Amino acid sequence: MEQPVPEEDQLLVRIHATTVNRTDCGFRSAKPFIVRYFTGLLRPKRRILGMELAGEVEAVGAAVSEFAVGDQVFGVKGFGAHAEFVCIRESAAVAHKPTGMTFEQAAAVCDGACIALSCLRTADLGQGRSILVHGASGSVGTAAVQLARHFGAEVTAVCNTKNVELVRSLGAHEVIDYLQEDFAKNGKTYDVILDAVGKRSPLWCRGSLKPRGIFIGTDLGFLGHVPLMALATKWIGEKKVKMGVARYTKKDVLFLKELIEADEYQAVIDRSYPLEDVVEAARYVETEQKTGNVVLTVNGARAR
Ligand SMILES: NC(=O)c1ccc[n+]([C@@H]2O[C@H](COP(=O)([O-])OP(=O)(O)OC[C@H]3O[C@@H](n4cnc5c(N)ncnc54)[C@H](OP(=O)(O)O)[C@@H]3O)[C@@H](O)[C@H]2O)c1
């Protein structure tokens, strides 16, 4: 590919690290078929995947004032980051890289955390509120546990045996190993249940919600039942269903940078691959068993 040229309000970033996430894999595989209406009916609309990025500013457009050549940045954009260079608008979800973080770590922050923030904001979390995060060891889940704890909620995390200690170290007050115990049958109730991996339906979790409790889903669910139930419960019943929709903003990226620099947030990295091994990396992400994030290093030596 030719090296892109930044427009007036854009930065050209030399990428040192990026990630392979579930959205990259969803866009590439274009399954189920209906997804093709968004990803391209006959061929992929997006030729270069990759949403998260960390790297150095190589050039700036004439109207850019916040960044200068040589600045170290991190952020998230609508694809194109599986490459050596990418252009991103100054006003987009990009900020100076948190102090003390490597490019690899910084690349693995924004997607999961911005999705988790979008979900948690609908839940009115705070002191005295309780949340159960199902799928607490994924990219969204590890972010949600840390952010819910930061917002002051009482956090219960659900994950596999192998991730119990990790999730506890991220700040969960209680951890349920789903191989040992079914949270829907233990009689405990929560103000909020966040299904961070799209594996539980709102109906399944209903009994685990307190009166006026909220179920938040990150996935559409079978035949899109999560958004349909969100619509229905807006008017009917005291327990609500909400659909978390990713929003990527500079404000959130700056908020995350602040949390990281205050030692209140960390990026969880499962594996790191060089860009040339993107196929292997994507295969691993598609197992739906990654812990946190999978990083791609574009410039191995600089990424660390
Ligand atoms: N709403 C939006 O805008 C939006 C945008 C992007 C992605 N998404 C969705 O968000 C979800 C989370 O994405 P992600 O990147 O965080 O996922 P991920 O990192 O791939 O999730 C992997 C984790 O899921 C857990 N898991 C797998 N099967 C499970 C099961 N049956 N029960 C409980 N946990 C299970 C695994 O934990 P254990 O090893 O502990 O089992 C693993 O650590 C995905 O479903 C994705 O489609 C939503």
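Before any of the text, the structure's been laid out above.
Residues numbered from 1 in each chain as written. Predicted model: local features only at pLDDT ≥ 70, side-chain atom pairs only at ≥ 80, totals over all residues. Heavy atoms only, no water.

*Asks:* Honestly, the sheet that holds strand β10 (residues 209-217) in this entry has me stumped. Any pointers?
*Replies:* What links the strands of a sheet is backbone hydrogen bonding, and the strands pair in either a parallel or an antiparallel sense. Judged by pairing direction, the sheet is parallel, and its 6 strands sit side by side in the order β8-β7-β6-β9-β10-β11 without closing on themselves. Unpaired on one side and paired on the other, β8 (174-177) and β11 (240-243) mark the two borders of the sheet. Strand after strand, the sheet turns through a mean of 20° between neighbouring axes, direction not considered. Inspection of the sheet shows strand β9 (residues 190-195) paired to β10 by 5 bridges, in the parallel sense. Paired with Ile-193 across the bridge in β10 is Phe-215. (Pairing = 2+ DSSP bridges. Helix = DSSP H or I, 4+ residues; strand = E, 2+ residues; numbered from the N terminus. Axes fitted to C-alpha atoms, helices over the stretch in contact; angles between N-to-C directions.)

*Asks:* Would you explain the pairing of strand β3 (residues 72-76) in this entry?
*Replies:* Side chains on a regular strand alternate between the two faces of the sheet. Summarising burial for β3: 4 of the 5 residues are buried, a large majority. Note that strand β2 (residues 52-60) and β3 share 5 bridges and pair antiparallel. Looking at the pairing, Ala-54 lines up with Phe-74 of β3. Across 3 bridges, β3 lies against strand β5 (residues 94-96) in antiparallel orientation. Looking across to β5, one finds that Val-73 is bridged to His-96. (Buried < 20%, exposed > 50% of the residue type's maximum accessible area, 1.4 Å probe, protein only.)

*Asks:* Just checking my understanding: could you explain the layout of surface pockets for this structure?
*Replies:* Over the atoms, a rolling probe the size of a water molecule traces out where space has been left empty. When its volume is computed, the second largest pocket comes out at roughly 290 Å³. Lining the second largest pocket are 15 residues, with Met-1, Ile-48, Gly-80, Ala-83 and Phe-85 sitting closest to its centre. A per-class count over the lining of the second largest pocket returns 8 nonpolar, 3 polar and 4 charged. (1 Å grid on protein atoms, 1.4 Å probe; cavity = no way out; pocket = protein on both sides within 12 Å on 5 of 7 lines; lining within 4 Å. Points joined across faces, edges and corners; volume = space filled by probe spheres on them. Nonpolar A, V, L, I, M, F, W, Y, C, P; charged D, E, K, R; others polar.)

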